[in-house]
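Below are the chains, spelled out letter by letter.
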Amino acid sequence: MYTIVIGAGRYGTLVAQWLVSAGHEIAVIDQDVSACSEIDDLLGAVAVRGDGTFVDTLEEAGANRADLLIATTRSDDINLAICQLAKHNFGIEKTISVVNSTDNTDLFKLLGINTTVDISSIVLSRIQEGITSHGLIHLMPISDRDGTKLVCIKLPPGSSQESKQIKDLNIPSGSVISLVILRNGTVVLPKDDTLIGAGDQVIAVTNFQEEEATRVILTNETGE
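Now for a quick tour of the structure.

Rules behind the numbers
Residues numbered from 1 in each chain as written. Predicted model: local features only at pLDDT ≥ 70, side-chain atom pairs only at ≥ 80, totals over all residues. Heavy atoms only, no water. 1 Å grid on protein atoms, 1.4 Å probe; cavity = no way out; pocket = protein on both sides within 12 Å on 5 of 7 lines; lining within 4 Å. Points joined across faces, edges and corners; volume = space filled by probe spheres on them. Helix = DSSP H or I, 4+ residues; strand = E, 2+ residues; numbered from the N terminus. Nonpolar A, V, L, I, M, F, W, Y, C, P; charged D, E, K, R; others polar. Axes fitted to C-alpha atoms, helices over the stretch in contact; angles between N-to-C directions. Parallel < 35°, antiparallel > 145°, perpendicular 65-115°, else oblique. Left-handed = near helix turned anticlockwise from the far one by under 90°. Contact = heavy atoms within 4.5 Å. Core = buried A, V, L, I, M, F, W, Y, C linked by side-chain atoms within 4.5 Å. Buried < 20%, exposed > 50% of the residue type's maximum accessible area, 1.4 Å probe, protein only. Pairing = 2+ DSSP bridges. Arc of directions from axis to C-beta.

## Digging into the layout of surface pockets
Here comes step 1: Space inside the second largest pocket adds up to approximately 370 Å³.
Here comes step 2: In terms of lining, the second largest pocket is formed by 19 residues, of which the most central are Gly-7, Asp-30, Thr-72, Thr-73 and Arg-74.
Here comes step 3: Sorting the residues of the lining of the second largest pocket by element identifies α1 (10-21), β2 (25-30) and α4 (76-90) as the ones contributing at least two each.
Here comes step 4: Counting residues per element, the lining of the second largest pocket draws most heavily on α1, which supplies three residues.
Here comes step 5: Here the lining of the second largest pocket is composed, by residue class, of six nonpolar, nine polar and four charged.

Written as structure tokens, this is what we have:
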């Protein structure tokens, strides 16, 4: 998959590193000379210096053949404009954007941005995780109609529970494990025989009714 990342700041660099480690081909667009130089030193010759809101810059980065564009700048206006250019000028089917202000989330969705990452909500979720001991973080809503959401469930690091294959866990029918992040940082697309255990993180799609049951099964703990 060929992905264009807009912004070589903290978020853009982390995303770019993950994509490269997963074997994807990438280009990173940024206007700052030093930021581009740092990206090239870190990941190879992947940086394109320029303004991501300019068609010429996107063309230079290979937007005509890109499968995915990820906008990570600190400006929602810029992120939205770039995603619109990607979709309507270059036919890039999938766009993902950081949303710096929660108030703009609905607008991004209304204008067809496939996935939004609400920074404020993520920060709140991390605070909630620190306050509670349940080990479940709400990542993003998927459907308001039936309460479907994306969650992250961390299996307690000190748990004595033995690693188990996913097929042996009695996961509720309304929940689906979509990704596993092993305790060593390895990202795994789950299969029936994937082993998960203490310290691993599970990304799952669930709903309001089955969220707690899913957490209890995975963590082998009960709520307060």
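## Quick word on the packing of α1 against helix α2 (residues 33-43)
Here comes step 1: Two elements in contact, α1 and α2, have axes whose closest approach is 11 Å; the angle formed by their N-to-C orientations is 25 degrees. Relative to α2, α1 is oriented roughly parallel. Seen from above, α1 lies across α2 with right-handed handedness. Between α1 and α2, the residues in contact are Thr-13, Ala-16, Gln-17 and Val-20 and Ile-39, Leu-42 and Leu-43, respectively.
Here comes step 2: In the contact of α1 with α2, the residues fall into five nonpolar, two polar and no charged.

## A closer look at the nonpolar core
Here comes step 1: Ranked by internal contacts, the top residues of the largest apolar core, which has 22 residues, are Ile-4, Ile-6, Ile-29, Leu-58, Leu-69 and Ile-92.
Here comes step 2: Elements that contribute at least two residues to this core include exactly β1 (2-6), β2, β4 (68-71) and α4.
Here comes step 3: Among the elements that take part in this core, α4 stands out by supplying six residues, more than any other.
Here comes step 4: Beyond its immediate sequence surroundings of up to four residues, Ile-6 is in contact with Ile-29, Leu-58, Leu-69, Ile-70, Ala-71, Thr-72, Thr-73 and Ile-82.
Here comes step 5: One finds Ile-153, Leu-155, Ile-166 and Ile-177 within the second-largest nonpolar core, a separate group that totals 13 residues.

## Concerning the pairing of strand β13 (residues 201-206)
Here comes step 1: Across six bridges, strand β8 (residues 148-154) lies against β13 in antiparallel orientation. Residue pairing for β13: Leu-150 is matched across the bridge by Val-205.
Here comes step 2: Pairing geometry for strand β10 (residues 176-181) and β13, over five bridges, is antiparallel. Bridge pairing links Val-176 to Val-205 in β13.

## Details of α2
Here comes step 1: For α2, the full list of buried residues reads Ala-35, Cys-36 and Ile-39. For α2, the angular spread of the buried residues around the axis is 100 degrees, confining them to a single face. When the buried face of α2 is taken as reference, the exposed residues oriented beyond 90 degrees from it are Glu-38 and Asp-41.
Here comes step 2: Looking at the buried residues of α2, the elements they touch are α1, β2 and β3 (47-49).

Purely geometric numbers; function is a separate question.
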